[in-house]
Amino acid sequence: MSKMFHLGFFSSFSPPAWHAATDRAHGEDWWSGDYHARLARRVEEACFDFLFFEDTSGVSRTFGGLMDTDLKNSLSAPKNDPVALISYLSAVTTRLGLISTASTTLYPPYLLARLYSTIDGLSRGRAGWNIVTSSEEESAHNYGYAALPPSGERYDRAEEFVEVARQLWTSWEEGAVVRDYDRGIYADPAKVHEINHVGKHFRVRGPLNSHPSPQRIPVLAQAGGSPRGRDFAAQNAELIMATTIGGIEAMRAFREDIHGRMKAFGRSPDECRIMYATHVHVTDGTRDLRSTVTDSQLVSMLGKHAAHIGVDLFQYDLDAPLPQDVVANGTTSMLDSIKEKGKQGITLREAILDVCLGDDELGLVGTADHIAHNLAGAMDAVGGDGFIIMATQNANEEHVSGIIDEVVPRLQRMGVVRTDYSGTTLRENLFAF
Ligand SMILES: Cc1cc2nc3c(=O)[nH]c(=O)nc-3n(C[C@H](O)[C@H](O)[C@H](O)COP(=O)(O)O)c2cc1C
């Protein structure tokens, strides 16, 4: 029998497929959190380990220096703060892990450590932090930077940041909270410590002033694809979010590469789960998905990627391969994969469709039976540890229902994904198998 694997669900605190006829009504007040509360409950009923929220922090001017394309197509804006959202979602769910993104380039470490400690308390141990260094120029301009620091500098800061945050989260020793009514002591001062960190980027005295949370340290997630990003993840992450680009061979190679790097940092591969973000599209098996993509959906797909990469992709011919000399300071690994496809003669249009609809290298477009079979087969071939199902781009109720009501029950019947939550914390569930 196949090994069990984990499931996460990928989302964004932004308008759900607002142009899909089925979603217009409830998409209107997505900012109230109601849409995502419904989604969270459904994902929890299906026993996903977690719901994950990506984030960026500015209105993109990648397109000709103007905000127009971004705003008209709701590419990177509007997007509300997912850290606030998971705080709300912790009150409407009981078992689901809740992971939100926050940037080490934009936050100060004390603020972030206190915030996640608080949410871990509110959710009773279900919080996770996706550590990003931010790859958009616009975000940097909103936080006092004249320009986005180069990738290497951002990772230098991230390393110091995570070290400081860890020290803050452990600045209260186990047993520091005494709550001794007779002696009138809430916390034992001998067990609460200053951290006195003085480094290149941060000066933090500590200790943290929040109550130690159930997990103490939220689950640390990361998704760096560059060599530096992989090292950072191998050193720090308990959950690495990778892509399925390149199919089984590339997924297996990524896993081996991360495990090798973890060992070099003195960690066991068992200390981290590697999960692959992928699109899944349930169809009746006859529909050619590509032919159903409308022009406005294509603009949305292209624009979202352009904003992440930091290059105005609209300036290039959609029906030719992307030129090899395009460079980005944003998500370099995403650009590299489009250029790699370009080398094989794949046009920019097809490359973006590949990325957004799923290359279908894994066979994840088709009937629910076909998809469930191929998800399980891919995990068998790769060796673990699961998938993060993406429904950000153009996800609508029909799409979500196809995944949750059709694919997941099949996987459960096959015995390859969980049918209940064995642990109470996100960490317990992620490391249960
Ligand atoms: C599944 C997944 C989720 C990601 N989520 C975010 C995100 O929320 N915000 C962000 O700025 N970058 C996000 N990224 C990008 C990576 O975190 C990383 O910053 C990017 O790959 C650039 O780093 P690199 O040059 O090391 O690849 C995500 C990447 C993947 C694969």
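Attention in this report is confined to the structure presented alongside it. Worth saying up front: this structure is predicted, and the values here are computed from it rather than measured.

### Considerations on the nonpolar core
Thinking step 1. The biggest cluster of nonpolar side chains holds 80 residues, and the ones touching the most others in it are F5, F9, F48, W129, W169 and F387.
Thinking step 2. Ignoring sequence-local partners within four residues, the contact set of F48 consists of L7, G8, F9, V43, L96, I389, I403, I404, V408 and Y421.
Thinking step 3. Counting residues in hydrophobic clusters, the runner-up holds 22 residues, among them V293, A306, A351 and I352.

### Here's the deal with the sheet that holds strand β4 (residues 127-132)
Thinking step 1. Read around the closed barrel, eight strands run β1-β2-β3-β4-β9-β10-β11-β14, paired in parallel fashion. If you compare each strand with its neighbour and ignore which way they point, the axes differ by 30 degrees on average.
Thinking step 2. Examined bridge by bridge, strand β11 (residues 273-279) and strand β14 (residues 386-390) share four bridges and lie parallel to one another. Note on β14: the bridge partner recorded for H279 is M390.
Thinking step 3. Helix α5 (residues 109-122) rests against β3 (97-103) and β4 of the sheet, and its axis sits at about 150 degrees to β4.

### Things to note about the site of the ligand
Thinking step 1. Neighbouring the ligand are 20 residues; D55, Y155, G225, S226 and T332 lie closest to it.
Thinking step 2. Between the ligand and Y155, the relevant distance is 2.8 Å, taken from an oxygen atom to a side-chain nitrogen or oxygen of the residue.
Thinking step 3. Relative to its unbound accessible surface of 620 Å², the ligand loses 93% to contact with the protein.
Thinking step 4. Secondary-structure elements contributing two or more residues to the shell around the ligand are β2 (50-54), β4, β10 (239-243) and α11 (332-343).

### Section: the packing of helix α7 (residues 151-169) against helix α8 (residues 227-236)
Thinking step 1. Two elements in contact, α7 and α8, have axes whose closest approach is 10 Å; the angle formed by their N-to-C orientations is 10 degrees. When the axes of α7 and α8 are compared, the pair comes out roughly parallel. On the side of α7, the interface is formed by G152, Y155, D156, A158, E159, V162 and R166, while α8 contributes R228, G229, F232, Q235 and N236.
Thinking step 2. When grouped by side-chain class, the residues that make up the contact of α7 with α8 number four nonpolar, four polar and four charged.

### Here's the deal with the packing of aromatic side chains
Thinking step 1. Scanning the model with the defined rule gives 10 aromatic pairs in all.
Thinking step 2. Among the aromatic residues, ring-to-ring pairing joins Y116, W129, F161, W169 and F202 into one connected group.

Rules and cut-offs
- Residues numbered from 1 in each chain as written.
- Predicted model: local features only at pLDDT ≥ 70, side-chain atom pairs only at ≥ 80, totals over all residues.
- Heavy atoms only, no water.
- Core = buried A, V, L, I, M, F, W, Y, C linked by side-chain atoms within 4.5 Å.
- Buried < 20%, exposed > 50% of the residue type's maximum accessible area, 1.4 Å probe, protein only.
- Contact = heavy atoms within 4.5 Å.
- Pairing = 2+ DSSP bridges.
- Helix = DSSP H or I, 4+ residues; strand = E, 2+ residues; numbered from the N terminus.
- Axes fitted to C-alpha atoms, helices over the stretch in contact; angles between N-to-C directions.
- Near = heavy atom within 4 Å.
- Polar contact = N/O pair within 3.5 Å; in protein donor to acceptor, adjacent residues only side chain to side chain.
- Areas by Shrake-Rupley, 256 points an atom, 1.4 Å probe, with all protein chains shown as cover.
- Parallel < 35°, antiparallel > 145°, perpendicular 65-115°, else oblique.
- Nonpolar A, V, L, I, M, F, W, Y, C, P; charged D, E, K, R; others polar.
- Phe/Tyr/Trp six-rings, centres within 6.5 Å; stacked < 30°, edge-to-face > 60°.

Geometric values such as these leave the question of function open.
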